[in-house]
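Listed below, chain by chain, are the residues.
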Amino acid sequence: MSSLHPDTNVTDKGLTMKSVIRNAAVASVAVLAIVSLAACASGSPSSSTSGSASKSTVYFGVSAAQTGQYAQYGQQFKEAFDLAVEQVNAKGGINGHPVALKYEDSQSDPKQSVAVAQKFVGDSSISLVFGDFSSAASIPASPIYTAGKLVQYGFNNSNPDFTAKGSEYQWSTSITTSASYQWTADYIKKQGIKSVGVTYLNTADWGIPAYNAFKTEAKKIGLKITDAQGVLDTSDDYRPSLSNAVVGKPQAFAHIGYGPDAAKIVTQLRAIGYKGTFYGGQDEQSFDGTPDAAGSIVGAQFLETNPDPAVQAFVKAFKKKYPNEADVTGFEAGAYDALNVAVAAAKAGGTTRAGILKGFKALKDVPSVVYGKITFDQTTRRVASPDLTPTILKAGKWIAHNG
Amino acid sequence: MLDTLIAGLLRGNVYALGAVGISLVFGVMNVVNFAQFSFFGLGAMLAWFFITTLGLPFWLALPLVLVVCAALGLIINISVVRPLAKFLPLAAMLSTYAVSQILDNASQIAFTAQFRVFPPVLPNSNLHIGNMRFGTSDLVMLSTTAVVMLVMSLFLKYGKVGRAIRATSQDQEAALQMGIPVGLVQHVSFVIASALGGLAGVFIALYVGVANPASGLNIGLTAFVAATLGGLGSLVGAVIGGFVLGILEAFGIHFFGDTSRQIIIFVILIVVLIARPGGLLGKVPLISTEPLTGTFLGKGRPLRIPRWVWAAAFVVLGIVIPLLRNDYVLITGTQVLIYAIIAAGFTVTAGQAGVLALGQAGPIAIGAYMSAALTMQLHFSFWVALPVAGLCAAIVASILASPIWGVKGHYISIATLGLGITIVAVIQLIVPQGIYNIPVPQWFGTALTTPTAYYLIDFGVLVITLLVMWRIRRSHLGKVISSVGSDEVAALASGVRGRNYKALAFAISAFFAGIGGSLLAHQYTYIDPTIFTMLMSLLVVTIVIMGGVSLPYGAVVGAIILIGAMELLRFTPELRIIVYGLVLILVVRFRPGGILVRNS
């Protein structure tokens, strides 16, 4: 029964061995503690080398997923950021100061994004932070950025609450989900469609608010939702949900979600014999390459095939730098824009944290590959009157759709 | 109806393939193999790579995938699983989790995280029954499974190695005495299981149409549930479990919607386990031992900690670190401390009562939501809401868990895993949107929002937690709970109602989980269901095993290492998870009982 309470059971045999192990354990714990402290202390790079020369580097932080479930998006952001930094520095940086980025992997996990936020706040060389990818990781970090008086530029946060419930330090150039799905409902109605079946991602920070916006608008304009099914992006088999959703024979079908889940949904929707137009999907490799996705319609902000010279210059430069990338999507464009907006803000207000905030408040008509020109609505801290273009997927490419 | 049935059959087919692999390994090694999950995603990505990038025909790519997966399986078994399984199945289970992290991330580095369109190698909608269309591809999959199952059953029944596999799975020691090369048998089983995992992965990709390296996780989890449902170790059970789960899931989604998918799966599992504690076809031995029994308690003794270490630790954690005034260290510290509180409370369940519950995210979520509701709706102060949230978590989790205490061994781990996921899924149904602006703690009118304040609050709660846990362990009650974990039969013979004490231990753990949840909620000031994942539950278990499964103070060391390590490894972002997995394997390899437990 000695195993009942082993901690109180001390025998004297093997004492030397025991004490060796004990000392080793104590020593290793101590070493570990010291190493962690040292590593943490060295986490804030000494900016003593900066000198007072006018050419000191301006650092922006990036809090995004480099590993884990959302790594796909983190990789896309990184490619576009790196391209934009290269271009900005080639043109003389911010009034002569070169720009550089510091990446921290958050896995879009709030446990890590708050630590990343504190790390950036504590690093005095950082004057602005991009991120995080998901609202569930961005919003818990917001109070830390606000307390550190550091602008948190959630360029990808489409959840309206990121800025609405945030402080003057939270800014975003992403179109809000409510704006884009109001637009979608209006557009479907304009096509002469009277009834629509809906699936939406059942996620608290994105899919549900988006669906609510769609539903409210549909009710207002008299678009009938025959059935709406919440689905999970981690599911693979939507057939049971989809066969329910099309029971009321809707004229068209809308999916509120991302690319990979839309690819699965549209494939399975066709497999159960539904033939109406699919309003959903995303300019993303797996959706673009799905055979059944052809003919899908979404409202897009960024279009690779947009003849605008600025867009074409960006697309060309991107493909030159990353020859393996077949497509340039809204994700890359959004990140590319974000860096240019941040640089513009620093040029306008100064490269310090306070200066960049001042810059954001003064920005006007910043050139953009997504919006053409960006001006912030100072009350929402979002892009003023964002515009969407109807696009249709044809032969793996999204092109403007006139309808 | 017919549509739903066909969808369920196709789905069940994939589950069955995965479940057979899991059951096979469990039978011969008594190890739950999490690495099996990774073979689903890996199989899909390898097939995509061979077909799309190398341009191989499907009929060549498929056997290649099987060979690669089988070879990887052999390497994993030789290097990691078998050395540990020989003396500690639980350590082996933990290391398979680490292996799966390494495999997933290596595959992500090789293939990138991008979702890929899987080439349509066979027509998949050229046939139809009613409105439901399906294709040659589906028929090929179904018949492949049938052939594989037939060959497997013939092999097990008549083949020499097959019979050896059955003998080993019935009684490993007897098999060894009869001259059966158990090591070889285990290798063969692992190789077959890995190849089946790869095959299932290819089938998932064929069926779904897109794949990425992480896409195997959910199917893997469901296949795991299917194996449990059928009875771990029973191959026929695994096949039946797979199809039953596939079909019931399809009908469940038909009636209740995709959002209740996880609730459906785990409610089916829990109901089956309550009715048949060994699964549909599994046998419950008359005298069974918990996976932890006689392993940790018998095989290791805690290191004796000199008194000055306690004082030094208190001074370093409570005084020196706050005085450093490095906010990054402090914020990381808050996460370490909160997980240490949750894990220290968990040691009474995992260590003393010997129940390896895998669903602590459930009570953590209850605590977080309850605390948010109390402070926001009823305007409680944080200091009142904190203990009340803990109490609510303990009460609600206990009520929900009450039917499952008759379930034993690995089954109870899976049942609690299901319980945790179900609790979070139900919360998501009730409060689908995130909760914002959860009030921060106040101290006589001053808002405590600085990292130092959070750190000190968490530190204070941790000290109280450790004192309470120390008191419980020293008390009569604590010894009775330990007796249940050490030898349930002996305890039962001495008149101890093991079931009730397990429930009590679980309630104590849930209380501290709820406290931890409340602390998280008021620090993040925002919560939504995506925060309380299965990975959170696994992290709690890993912390506890790392520090020494029955040592509350070990949980502090475990939390420092596991959460601290993720931050320390920031210097190598791409390899972070892989290095993390390797460190985990090495620690488990050389300290199978935990950092603070001496091997014996």
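Predicted, not measured: the structure shown is a model, and the values here were computed from it. (Residues numbered from 1 in each chain as written. Chains lettered and ligands numbered in written order. Predicted model: local features only at pLDDT ≥ 70, side-chain atom pairs only at ≥ 80, totals over all residues. Heavy atoms only, no water.)

**Regarding the overall build of chain B**
Let me state the cut-off plainly: The numbering of helices and of strands both runs from the N terminus, where a helix is a DSSP run of H or I of at least 4 residues and a strand a run of E of at least 2. Both definitions apply: the radius of gyration is a C-alpha atom measure, and the globule rule equals 2.2 Å times residues to the power 0.38. Note on exposure labels: buried denotes an accessible area under 20% of the residue type's maximum, exposed denotes more than 50%, and partly exposed covers the range between, all computed with a 1.4 Å probe on protein chains only. Each accessible area is a Shrake-Rupley result for a 1.4 Å probe, and residues are judged covered by the shown protein chains and nothing else. The charge count includes Lys and Arg as positive and Asp and Glu as negative, but it does not include His or the ends of the chains. Where a charge lies is defined by one atom per residue type: Lys uses NZ, Arg uses CZ, Asp uses CG and Glu uses CD.
Secondary structure summary: chain B contains 24 helices and eight strands in total. Relative to its length of 600 residues, chain B is compact, with a C-alpha radius of gyration of 24 Å against a globular reference of 25 Å. A burial count over chain B gives 64% of its 600 residues as buried. When the accessible surface of chain B is split by element, carbon and sulfur atoms take 71% of a total near 21700 Å². If you average the places of the 30 positive and of the 15 negative side-chain charges in chain B, the two averages end up 13 Å apart.

**Examining a nonpolar patch on the surface**
All names here are of chain B. To be explicit about the condition: Residues qualify for a patch when their relative accessible area is over 30% and they have no salt bridge, like charges being joined within 9 Å and the nonpolar side chains of Val, Leu, Ile, Met, Phe, Trp and Tyr within 5 Å. Salt bridge, as used here: a side-chain nitrogen of Lys or Arg that lies within 4 Å of a carboxyl oxygen of Asp or Glu.
Together, Phe314, Val315, Val316, Ile319, Val320, Leu323 and Leu324 make up an exposed nonpolar region whose accessible area comes to about 580 Å². As for its position among the elements, leucine 323 is in helix 13 (residues 307-324). Overall, the relative accessible area of 63% leaves leucine 323 in the exposed class.

**Overview of the packing of helix 1 (residues 2-29) of chain B against helix 10 (residues 235-256) of chain B**
Residue and element names in this part refer to chain B. Short version of the rule: Axes, fitted as lines to C-alpha atoms, cover a helix only where it is in contact. Angles between the N-to-C directions of the axes lie from 0 to 180 degrees. Here a crossing is called left-handed whenever its near helix is offset anticlockwise from the far helix by less than a right angle, and right-handed whenever the offset is clockwise. We call Asp, Glu, Lys and Arg charged. Ala, Val, Leu, Ile, Met, Phe, Trp, Tyr, Cys and Pro are nonpolar, and the rest, Gly among them, are polar.
Where helix 1 contacts helix 10, the two axes come as close as 6 Å, and the packing angle between them is 145°. Where helix 1 crosses over helix 10, the two elements pack in a sense that is right-handed. Broken down by class, the residue content of the contact of helix 1 with helix 10 amounts to 14 nonpolar, eight polar and two charged.

**A look at the sheet that holds strand 1 (residues 58-64) of chain A**
Pairing between sheet strands relies on hydrogen bonds along the backbone, with the strands arranged either parallel or antiparallel. All names here are of chain A. What counts is decided by this rule: For two strands to be treated as a pair, DSSP must find no fewer than two bridges joining them. Pairs of residues are marked as contacts when any of their non-hydrogen atoms sit within 4.5 Å.
Taken in spatial order, the five strands of this open sheet run 2-1-3-4-5, and their pairing is parallel. Strands at the two margins of the open sheet, each flanked by one partner only, are strand 2 (99-105) and strand 5 (170-171). Running at roughly 155° to strand 3 (residues 126-131), helix 12 (residues 330-349) makes contact with strand 1, strand 2, strand 3 and strand 4 (152-153) of the sheet.

**Overview of the sheet that holds strand 7 (residues 224-231) of chain A**
Residues and elements named next belong to chain A. The sheet built from four strands is open, its strands ordered 7-6-8-9 with parallel pairing. The open sheet terminates on both sides in strands that have one partner only, identified here as strand 7 and strand 9 (277-279). Ignoring which end each strand starts from, the neighbouring axes of this sheet average 20° apart. Sheet topology note: the strand 6 (residues 195-201)/strand 8 (residues 252-256) ladder contains five bridges and is parallel.

**Some details on the side chain of Lys264(A)**
Looking at where Lys264(A) falls in the secondary structure, it is placed in helix 9 (residues 259-271). Excluding residues within four positions of it along the chain, Lys264(A) makes contact with Asp233(A), Ser235(A), Asp236(A), Tyr238(A), Val208(B) and Val210(B).

**Side note on the environment of Val88(A)**
Residues and elements named next belong to chain A. One can find valine 88 in helix 2 (residues 71-90). Given a relative accessible area of 9%, valine 88 falls into the buried group. On a C-alpha basis, the gap between valine 88 and valine 343 in space is 8.1 Å, while along the polypeptide they are 255 residues apart. Setting aside its immediate chain neighbours within four residues, valine 88 contacts Gly93, Val99, Leu339, Asn340 and Val343.

**Side note on the domain arrangement of chain B**
Residues and elements named next belong to chain B. Put simply, the rule is: Annotation comment: domain bounds sourced from an automatic or database domain assignment. Buried area is understood as the total, over both parts, of accessible area removed when two parts are fitted together, assessed with a 1.4 Å probe. What qualifies as a polar contact is a pair of N or O atoms within 3.5 Å, subject to a donor-acceptor requirement within protein and to the restriction that residues adjacent in sequence count only when both atoms come from side chains.
Taken domain by domain, chain B holds domain 1 (2-122 + 136-275) and domain 2 (326-533). Each of domain 1 and domain 2 was reduced to a C-alpha centroid, and the two centroids are 33 Å apart. Opposite the 18 residues of domain 1 that make contact, domain 2 presents 16 residues. Counting each side, the surface lost to burial between domain 1 and domain 2 is near 1600 Å², with a carbon and sulfur contribution of 85%. Our enumeration of links across domain 1 and domain 2 arrives at one residue pair in polar contact (both at pLDDT 80 or more). Listing elements by their share of the side of domain 1 that touches domain 2, those giving two or more residues are helix 4 (89-111), helix 9 (216-230) and helix 11 (261-275). Per-element tally for the side of domain 1 that touches domain 2: the top contributor is helix 11, with seven residues. Tallied by class, residues from the side of domain 1 that touches domain 2 come to 13 nonpolar, five polar and no charged.

**A few points about the packing of aromatic side chains**
Note the cut-off: Two rings from Phe, Tyr or Trp (for Trp, the six-membered ring) form a pair when their centres sit within 6.5 Å of each other. Planes less than 30 degrees apart are called stacked, planes more than 60 degrees apart edge-to-face, and all others tilted. In our convention, an over-ring charge means Lys NZ or Arg CZ found within 6 Å of a ring centre and within 35 degrees of that ring's normal.
Enumeration according to the criterion identifies 45 aromatic pairs over all chains in this entry. Ring plane angle 55° and centroid distance 6.2 Å describe the contact between Tyr369(B) and Phe532(B), whose orientation is recorded as tilted. One end of the pair, Tyr369(B), is in helix 15 (residues 361-377); the other, Phe532(B), is in the loop between helix 21 (498-524) and helix 22 (534-547), and 163 residues separate them in sequence. For Tyr369(B), a relative accessible area of 9% gives the class buried. Classification of Phe532(B) by relative accessible area gives buried; the value is 4%. The aromatic ring of Tyr103(A) is capped on one face by Lys78(A), whose charged end is 4.9 Å from the ring centroid.

**A short note on a positive patch on the surface**
All names here are of chain B. Together, Lys157, Lys160, Arg163 and Arg166 make up a region of like positive charge exposed at the surface. Sort the elements by how many residues they give to the positive patch and helix 6 (residues 160-170) lands first, with three residues. Summarising the element assignment, arginine 166 is placed in helix 6. A relative accessible area of 37% places arginine 166 in the partly exposed class.

**Structural notes on helix 16 (residues 382-401) of chain B**
Residues and elements named next belong to chain B. Counted only if it meets this: Here, expected helix span is obtained from the residue count minus one, scaled by 1.5 Å.
The terminal C-alpha atoms of helix 16 lie 28 Å apart, and with 20 residues this matches the ideal 28 Å at 1.5 Å per residue to within 8%. Listed in full, the buried residues belonging to helix 16 are Phe382, Ala385, Leu386, Ala389, Gly390, Cys392, Ala393, Ala394, Ala397 and Ala401. Its buried side turned inward, helix 16 meets helix 15, helix 17 (409-430), helix 18 (451-474) and helix 21. Residue serine 381 occupies the N-cap position of helix 16, its side-chain oxygen lying 3.1 Å from the main-chain nitrogen of tryptophan 383.

**Notes on the interface of chain A and chain B**
By a widely used convention, the size of an interface equals the accessible area lost when the partners come together. The interface is formed by 78 residues belonging to chain A together with 77 residues belonging to chain B. Here chain A meets chain B over a buried area of about 7100 Å², counting both sides, of which 60% is carbon and sulfur. Three residues, Lys111(A), Asp236(A) and Arg239(A), lead the burial of chain A against chain B; their summed loss comes to 8% of the area buried on that side. Linking chain A with chain B are zero salt bridges. Viewed at the interface, chain B and chain A are joined by 13 residue pairs in polar contact (both at pLDDT 80 or more). Among the elements that make up the side of chain A that touches chain B, the one with the highest residue count is helix 1 (residues 15-41) of chain A (11 residues).

**Overview of the nonpolar core**
Heads up, the condition is: By convention a nonpolar core is built from buried Ala, Val, Leu, Ile, Met, Phe, Trp, Tyr and Cys residues, the set being connected through side-chain atoms within 4.5 Å.
Phe60(A), Phe130(A) and Phe532(B) are the most contacted members of the largest nonpolar core, which totals 316 residues. The biggest single contributor to this core is helix 14 (residues 327-352) of chain B, with 16 residues. When neighbours within four sequence positions are excluded, Phe532(B) is seen to be in contact with Ala361(B), Ile364(B), Ala365(B), Ala368(B), Tyr369(B), Val424(B) and Ile527(B).

**Thoughts on the domain arrangement of chain A**
All names here are of chain A. Domain annotation of chain A identifies domain 1 (58-175 + 313-386) and domain 2 (178-300). Distance from the C-alpha centre of domain 1 to the C-alpha centre of domain 2: 29 Å. At the junction of the two partners, domain 1 supplies 15 residues and domain 2 supplies 12 residues. When domain 1 packs against domain 2, close to 1000 Å² is buried across both sides, 49% of that on carbon and sulfur atoms. Linking domain 1 with domain 2 are zero salt bridges, by the criterion used here.

**Description of the pairing of strand 15 (residues 389-394) of chain A**
Residue and element names in this part refer to chain A. Pairing between strand 10 (residues 297-300) and strand 15: four bridges, direction antiparallel. Counted as the bridge partner of isoleucine 297 is isoleucine 392 from strand 15. Across four bridges, the pairing between strand 15 and strand 16 (residues 397-400) is antiparallel. Pairing of leucine 393 across the sheet is with tryptophan 398, part of strand 16. Remark: two residues form the turn of the hairpin made by strand 15 and strand 16, two consecutive strands paired antiparallel; alanine 395 in that turn has positive phi of roughly 50°.

**With respect to the confidence of the model for chain B**
Residues and elements named next belong to chain B. The line we're drawing: Looking at any residue, its pLDDT shows the predictor's confidence there, from 0 to 100.
With 95% of its residues at a pLDDT of 70 or more, chain B shows a mean pLDDT of 86. Across chain B, helix 15 holds the top mean pLDDT of 95, while helix 12 (residues 296-299) sits lowest at 48. Low pLDDT (under 50) marks residues 292-298, which in the prediction has 22 contacts with non-local residues, meaning those over four places away or in another chain.

**Here we look at the side chain of Arg116(B)**
Positionally, Arg116(B) belongs in strand 1 (residues 116-117). Of note is the side chain of Arg116(B), whose polar atom sits 2.9 Å from the side chain of Thr112(B). In this view, Arg116(B) contacts Gln285(A), Ser286(A), Met45(B), Trp48(B), Phe111(B), Gly209(B), Val210(B) and Ala211(B); residues no more than four positions away in its chain are not counted.

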